[in-house]
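# Architecture and fold: a report
Listed below are the residues making up each chain.
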Amino acid sequence: MTQVTNEKMDQVLGFIDSISQKPYVDSYLIAVLHKVQQLYGYLPQDVMDIVAEKMQIPTAHIWGVATFYHYFNLSPIGKHTLSVCMGTACYVKGAEKILETLKKELKIEVGQTTEDKLFTLQEARCLGACGIAPVLMVDDKIYGELDAKKTVEIINQYRKAAGK
Ligand code: FES
């Protein structure tokens, strides 16, 4: 059994112990994955190896479940999450262009995090602000009526605030 030392890992293992029904079914596994993501922000490989051992579930099965549900982050997320709305209203008003601008400016693809760990890029469905499409959400703040120039300005504001 892997030697577990850190506090977060103890919480994960305690959570698994609290699940009484065995053998574990996928709904319990999903609850455990949520717990891991809540504690770490994503699903670290070494933690998932320990979870697999503890729950006696093949690691490949765990990754299969984790990748099926888009909710789970498989790599560390940045300080700021950029969610580009790809809903119909935003798409019609040029969301694709906003997304391309961000990919180029940040040199990452959707689902990735910048090297400096400042931004993670995601796509979103309608963010409920169709009136000001196209829309970008940074963490929980909405920016609307965007074009490529405004999008880069927003990114630069966050870079400046982070001293980059
Ligand atoms: S479609 Fe983008 S906010 Fe509604």
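Only a predicted model underlies this, so the values are computations on that prediction, with no experimental measurement involved.

### Some remarks on the sheet that holds strand E4 (residues 141-143)
The strands that make up a sheet pair up through hydrogen bonds in the backbone, lying either parallel or antiparallel. With mixed pairing, the 4 strands of this open sheet are ordered in space as E2-E1-E3-E4. For this open sheet the edge positions go to strand E2 (119-124) and E4, each flanked by a neighbour on one side alone. Neighbour-to-neighbour, the strand axes of the sheet open up by a mean angle of 25°, direction not taken into account. The pairing of strand E3 (residues 136-138) with E4 spans 3 bridges and is classified as antiparallel. Residue pairing for E4: Leu136 is matched across the bridge by Tyr143. Packing of helix H6 (residues 95-106) onto the sheet brings it into contact with strand E1 (80-85), E2 and E3, and relative to E1 it is tilted by some 150°. Strands in contact with helix H7 (residues 148-161) are E1, E3 and E4; relative to E3, the strand with the most contacts, it is inclined by about 0°.

### Some points on the pairing of E1
Sheet topology places E1 next to E2; 6 bridges connect them, and they run parallel. Counterpart to Ser83 in the pairing with E2 is Gln122. Here E1 pairs with E3 via 3 bridges, running antiparallel. By the bridge assignment for E3, Ser83 is matched with Met137.

### Concerning the packing of helix H2 (residues 26-40) against helix H4 (residues 59-68)
The N-to-C vectors of H2 and H4 enclose an angle of 75°; their axes lie 11 Å apart at closest approach. Compared by their axis directions, H2 and H4 come out roughly perpendicular. Of the residues in H4, those in contact with Asp26, Leu29, Ile30 and Leu33 of H2 are Ile62, Val65 and Ala66. For the contact of H2 with H4, the residue count by class is 6 nonpolar, no polar and 1 charged.

So, how was this worked out
Residues numbered from 1 in each chain as written. Predicted model: local features only at pLDDT ≥ 70, side-chain atom pairs only at ≥ 80, totals over all residues. Pairing = 2+ DSSP bridges. Helix = DSSP H or I, 4+ residues; strand = E, 2+ residues; numbered from the N terminus. Axes fitted to C-alpha atoms, helices over the stretch in contact; angles between N-to-C directions. Contact = placed C-beta atoms within 7 Å. Parallel < 35°, antiparallel > 145°, perpendicular 65-115°, else oblique. Nonpolar A, V, L, I, M, F, W, Y, C, P; charged D, E, K, R; others polar.

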